[in-house]
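# Chains, contacts and geometry: an overview
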Amino acid sequence: MGVVNLTKGLLRMGDCIDHGQKGTGLGYGSARYPTLKVKGSVRMHRAVYCLHNGLRLEDIAEQVVMHTCDNARCINPEHLRLGSQRENMLDMRNKGRGVGNIRYTLEQKRLAAALVKSGLSVSAASRTCGVGRVTIINFMKEGQVNG
Ligand SMILES: [Zn+2]
């Protein structure tokens, strides 16, 4: 699997590229990247950013890789940009994602709801999409009300 393939063939500009993993926490994927000469797994969006821009992970150790698309599952290098931790906090706050006020993207919620409708349990959809169970349930209720 690989970023090499990603950047050569599968790259679709403008669209988010899902890393295809379950994802952890906010939905980041992680993988081993031998080309970056690091041991253990690396958060995929960070690794992709480095590979795409010809950087090493050490080069961005003090900085965060932000998603301009606000989709933590996305590894499209065109949607990634470097920012400071402070910038990231401000960005999160602007998007209403500050600590204690977690919001999810519409895409995430739609995907989770679709999974539940297709027969997955709410818990499984929650883990898969990184969306809280209550959020999924509420989203599906809203969806019914709004048709
Ligand atoms: Zn994206």
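Only a predicted model underlies this, so the values are computations on that prediction, with no experimental measurement involved.

### Concerning the nonpolar core
Ranked by internal contacts, the top residues of the largest apolar core, which has 14 residues, are Met44, Ala47, Val48, Tyr49 and Ile75. By size, the runner-up hydrophobic cluster in this structure holds 10 residues, among which are Ala112, Val116, Ala125 and Val131.

### Some remarks on helix H4 (residues 106-117)
With 12 residues, H4 should reach 16 Å at 1.5 Å per residue; the first-to-last C-alpha distance of 16 Å fits that figure. Once H4 finishes, Gly119 follows within two positions and takes phi at roughly 115 degrees, a positive value.

### Structural notes on the pairing of strand S3 (residues 64-67)
Here S3 shows a buried face lined by Val65 and His67 and an unburied face lined by Val64 and Met66. Where S3 lies against strand S4 (residues 80-83), four bridges are found, and the strand directions are antiparallel. By the bridge assignment for S4, Val64 is matched with Gly83.

### A look at the environment of Val64
By the element assignment, Val64 lies in strand S3. For Val64, a count of 17 C-beta atoms within 10 Å gives the class partly exposed. Measuring from C-alpha to C-alpha, the distance between Val64 and Asn88 comes to 7.2 Å, with 24 residues separating the pair along the chain. In contact with Val64, not counting residues within four places along its chain, are Gly83, Gln85 and Asn88.

### A look at the packing of H4 against helix H5 (residues 122-129)
One can describe the packing of H4 onto H5 by two numbers: an axis separation of 9 Å at closest approach and a directional angle of 145 degrees. The handedness of the crossing between H4 and H5 comes out as right-handed. Residues Gln108, Leu111, Ala112, Leu115 and Val116 of H4 touch H5, and the partners they reach there are Val122, Ala125, Ser126, Thr128 and Cys129. For the contact of H4 with H5, the per-class residue count stands at seven nonpolar, three polar and no charged.

### So, unusual backbone geometry
Phi angles above zero are rare outside glycine, and Lys37 is one such case at about 55 degrees. For Asp70, which is not glycine, the phi torsion reads 60 degrees and is therefore positive. Mapped onto the elements of the fold, Asp70 is located in the loop between S3 and S4. Residue Asp70 is classed as partly exposed on the basis of its 19 C-beta neighbours within 10 Å.

### Quick word on the confidence of the model for the protein
On average, residues of the protein carry a pLDDT of 80, and 80% of them reach 70 or more. The least confident element of the protein, judged by mean pLDDT, is helix H1 (residues 3-10) at 45; the most confident is helix H2 (residues 44-53) at 94. Of the regions scoring below 50 in pLDDT, residues 1-13 engages in nine contacts with residues more than four places distant in sequence or in other chains.

### Digging into H2
Most of H2 sits inside the fold, with eight of its 10 residues counted as buried. Among all positions in H2, only Met44, His45, Arg46, Ala47, Val48, Tyr49, Cys50 and Leu51 are buried. Where H2 ends, the next residue or the one after it, Gly54, has phi of about 65 degrees, a positive value.

The rules we used
Per chain, the residues get numbers from 1 upward, laid out in the order the sequence is written. It should be noted that, the model being predicted, local features are given only for residues of pLDDT at least 70 and side-chain atom pairs only at 80 or more, the latter also being counted only at that level, while totals for whole chains, interfaces and linings use all residues. Remark: nonpolar core denotes a set of buried Ala, Val, Leu, Ile, Met, Phe, Trp, Tyr and Cys residues whose joining runs through C-beta atoms within 7 Å. Remark: C-beta atoms are placed from the backbone, and a residue is labelled buried if 20 or more other C-beta atoms sit within 10 Å of its own, exposed if 12 or fewer do, or partly exposed between those counts. Here a helix means four or more residues in a row that DSSP labels H or I, a strand means two or more in a row labelled E, and each is numbered from the N terminus. One less than the number of residues in a helix, times 1.5 Å, gives the span that helix is expected to have. In this analysis, strands are considered paired if DSSP registers two or more bridges between them. By definition, residue pairs are in contact when their C-beta atoms, positioned from the backbone, come within 7 Å. Each axis is a line fitted through C-alpha atoms, and for a helix only the stretch in contact is used; angles between axes span 0 to 180 degrees, taken between their N-to-C directions. Handedness of a crossing is defined here by the sense of rotation of the near helix relative to the far one, left-handed for an anticlockwise turn of less than a right angle and right-handed for a clockwise turn. Residue classes follow a fixed rule: Ala, Val, Leu, Ile, Met, Phe, Trp, Tyr, Cys and Pro count as nonpolar, while Asp, Glu, Lys and Arg count as charged, and any other residue, Gly among them, counts as polar. Confidence scores per residue from the predictor, reported as pLDDT, run from 0 to 100.

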